[in-house]
Every structure is written in structure tokens, then in C-alpha cells.
Amino acid sequence: MNFFPDPRYDYGNNGRLGVATPQANPTVEAEFSILFPRTVSLQASRLICDAADPKQRLMSYIQNLDNTLLGYGGMKLTSFGFACTGSSYLVGADAEQAIEEKLSDRFGYPVVMAASAIRAALQALGAERIVLVSPYPDWLSDAAHAYWTASGFHVTNVRRVQTRTSNTETIYELSSADALPLLQDSMMKGVDAVLISGTGMPTLSAIHDVKLNVPIISSNLCLAWRLLQIAGKTELLEADDPPYIQGWDVRLSEARSSALAS
């Protein structure tokens, strides 16, 4: 598959990386602006569906992703990320991979789903047994469990972050602090990694601050890492510490300091 080579830009000499996020999600752009260095240009779009039923919205987002990509017009992206893990959980890994391949071939740049980015990160870590920290309602947590099991991972435990309703949009009311009670060493025996799933709940502070004996990863962290990796920007990555990106912790500290000062 031949992708467009990187031109040189006034803004973002390391490429234009696209990302699409569910329409009410306030977290993806905020965390990607921390994860990506300033030499990367983030080109964000919204996944739109007016259905009241959250399952229908999630299915629509992934089934109509080609229309979202058409919204970029003639912009030549370096790579593109679908920042909605829940949609992949509903359609399954095989359908997800087929969509990635079809759209990558059609648009001429790599199209990466958040869930497949997590798979790549878990494989890079050599992880087989995982704890799943889920901010989802039961029906989507069950789909997530089934997805990771079908993908060859052993989910030893599903730790639920409580939300106000079963509508997935209430995930956007959460903060990193909501995951902290679930990130305890006593719950992590015999596992290789902890996955905080979902792109809507902030996770970077929890990943940075909580010290476990196993890696903690999240949907946004893995997708940002995979977009850079698949675009060939390996010099921006922590080679010995996947799925981390160089300087992200410094940018997180700067963002925290700015928030406190405002």
C-alpha cells in the first residue's frame, strides 16, 4: 500500500495527523495536544449521529467513517485515527480490520482504529493477561470483554467506573480521579498490563501519577502512539518504553500548570 510522502509544512513538520472523535467527546483533542509534540499538526473532526440510542450512534460512527474522511477534502493526512473504542467493540476485530484496510486503500493514508492501536500496544508490551478498567455501561463493558477475549487476551478482571446513566455520553463527565480507586496493586496480581478503555474519560494524569508493577495504558495514549508509529515517526517515540511518546510527561506538567494558573 503506497501512502503519500510527508511534505514540509509551516505548521507540523512531522505531519498532519487526523483524528475523529464522537461529537460530544471533550477529551480526545485535549489529550492528543499533550501526547503529540508541537511538530505534529492535529487535524480533528467530529463523528456525528443524531440517534438517541448510544448503541446506534456507535455503530453509525464506524459504518459511516468514509463520509467523515471525505470531510477532509483534498488534505493529505499523514495518518488518521478513529478515536472511538466502543464502536470496534460492537463490530468486532475482523470487521474493524476490514474497515481499516478498505479506507486506508481508498484515501491513501493509514487509517487506524483506537482498539487496533491498543492491540498493537499490548503486543509491543508482550502482554497477554490484562485488567480492563471500563467506564462503560454493562452492555458495552460486556462487548469490550468479548472483543479482547476474541483477540487472544485473557481479561482477568473488569473494573467498572460508575457513570450517572447508561448513556455513553455521561462518560464525558468523568475525570482521571474516577479511575484512581480501581488502580490498586492488590487487584493486579498475575497480569501484564492495565487497560483503561474509552477515549472520553481523561486518563493521562492517572497513567502518570499511579505507580503499579505493570504498565497502565489507555485508548488515547495507544492511538496517539500508533498514529506516529505507523506514519514512520519512530524518532518521536520512546523506543524502549511502548506505547509512550517522547516528552508527553513534560507537556502534561505544562498543561497542569496552565490550568492551575488560569
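Being a predicted model, the structure only gives us computed values, none of them experimental.

A. How the structure looks around the overall build of the protein. Assigned secondary structure in the protein consists of ten helices and eight strands. The C-alpha radius of gyration of the protein comes to 17 Å, within 12% of the 18 Å expected for a compact globule of 262 residues. Considered along the principal axes of its C-alpha atoms, the protein spans approximately 50 × 40 × 40 Å. Residues counted as buried form 52% of the 262 residues belonging to the protein. Considering only residue pairs separated by 6 or more positions, the protein has 73% of its internal contacts joining residues 24 or more positions apart. Carbon and sulfur atoms make up 48% of the accessible area of the protein, which amounts to about 11400 Å² in all. Side-chain charges in the protein split into 20 positive and 27 negative, and the spacing between the mean points of these groups amounts to 2 Å.

B. Spatial organisation of a negative patch on the surface. On the surface, a cluster of negative charge is contributed by Glu-238, Asp-240, Asp-241 and Asp-249. By the secondary structure assignment, Asp-241 is in the loop between helix H9 (219-230) and helix H10 (248-261). For Asp-241, a relative accessible area of 41% gives the class partly exposed.

C. Structural context of the pairing of strand E6 (residues 154-160). Pairing analysis gives six bridges linking strand E5 (residues 129-134) to E6, with the strands arranged parallel. When the sheet's bridge partners are listed, Leu-132 is paired in E6 with Val-158. The parallel pair E5 and E6, bridged by helix H7 (residues 138-150), forms a crossover whose chirality is right-handed.

D. Representation of the packing of aromatic side chains. Under the definition given, this model contains nine aromatic pairs. Taken together, a centroid distance of 6.2 Å and an interplanar angle of 35 degrees make the contact between Phe-107 and Tyr-109 tilted. Take Phe-107: its relative accessible area is 15%, and that puts it in the buried class. Look at Tyr-109 and you get buried, because its relative accessible area is 3%. A ring pair is formed by Tyr-244 and Trp-248, whose centres lie 5.8 Å apart and whose planes are at 15 degrees; its orientation type is stacked. Like Tyr-244, the residue Trp-248 is buried in the burial classification. Through a chain of ring-to-ring contacts, the aromatic side chains of Tyr-89, Tyr-136, Tyr-147, Trp-148 and Phe-153 assemble into a single cluster.

E. Summary view of the sheet that holds strand E3 (residues 79-82). Read across the sheet, four strands follow the order E2-E1-E3-E4 without closing on themselves; strand pairing throughout is parallel. Only two strands of the sheet have a single neighbouring strand rather than two, namely strand E2 (41-47) and strand E4 (111-113). When the angles between neighbouring strand axes are averaged without regard to direction, this sheet yields 20 degrees. Judged from the four bridges that link them, strand E1 (residues 16-22) and E3 form a sheet pairing that is parallel. In the strand pairing of E3, Gly-18 is matched with Phe-80. Sheet contacts for helix H6 (residues 114-125): E3 and E4; angle to E4, the most-contacted strand, approximately 80 degrees.

F. Examining the sheet that holds E5 more closely. Read from one edge to the other, the open sheet built from four strands follows the order E6-E5-E7-E8, with strand pairing classed as parallel. Two strands bound the open sheet, and with one partner strand each, they are E6 and strand E8 (216-218). Looking at each pair of strands side by side, their axes are set apart by 25 degrees on average, direction ignored. Against the sheet, H6 contacts E5, strand E7 (193-196) and E8, and its axis sits at roughly 160 degrees relative to E8. Against the sheet, H9 touches E7 and E8, its axis set at about 75 degrees to E8.

G. Inspection of helix H1 (residues 28-35) at higher detail. Residues Val-28, Glu-31, Phe-32, Ile-34 and Leu-35 constitute the buried set of H1. Buried residues of H1, viewed axially, fall in a sector of 155 degrees; they line one side.

H. Structural detail: the side chain of Glu-96. By the secondary structure assignment, Glu-96 is in helix H5 (residues 93-107). For Glu-96, a relative accessible area of 0% gives the class buried. Of note is the side chain of Glu-96, whose polar atom sits 2.6 Å from the side chain of Ser-88. If sequence neighbours within four positions are ignored, Glu-96 has contacts with Ser-88, Val-91, Met-113, Ala-115, Ser-116, Arg-119 and Tyr-147.

Conventions adopted
- Residues numbered from 1 in each chain as written.
- Predicted model: local features only at pLDDT ≥ 70, side-chain atom pairs only at ≥ 80, totals over all residues.
- Heavy atoms only, no water.
- Helix = DSSP H or I, 4+ residues; strand = E, 2+ residues; numbered from the N terminus.
- Rg over C-alpha atoms; globule rule 2.2 N^0.38 Å.
- Buried < 20%, exposed > 50% of the residue type's maximum accessible area, 1.4 Å probe, protein only.
- Contact = heavy atoms within 4.5 Å.
- Areas by Shrake-Rupley, 256 points an atom, 1.4 Å probe, with all protein chains shown as cover.
- Lys, Arg positive; Asp, Glu negative; His and termini not counted.
- Charge placed at Lys NZ, Arg CZ, Asp CG, Glu CD.
- Patch = residues over 30% accessible without salt bridge, like charges linked within 9 Å, V, L, I, M, F, W, Y side chains within 5 Å.
- Salt bridge = Lys/Arg side-chain N within 4 Å of Asp/Glu carboxyl O.
- Pairing = 2+ DSSP bridges.
- Right-handed = clockwise from strand over helix to strand, strands pointing away.
- Phe/Tyr/Trp six-rings, centres within 6.5 Å; stacked < 30°, edge-to-face > 60°.
- Axes fitted to C-alpha atoms, helices over the stretch in contact; angles between N-to-C directions.
- Arc of directions from axis to C-beta.
- Polar contact = N/O pair within 3.5 Å; in protein donor to acceptor, adjacent residues only side chain to side chain.

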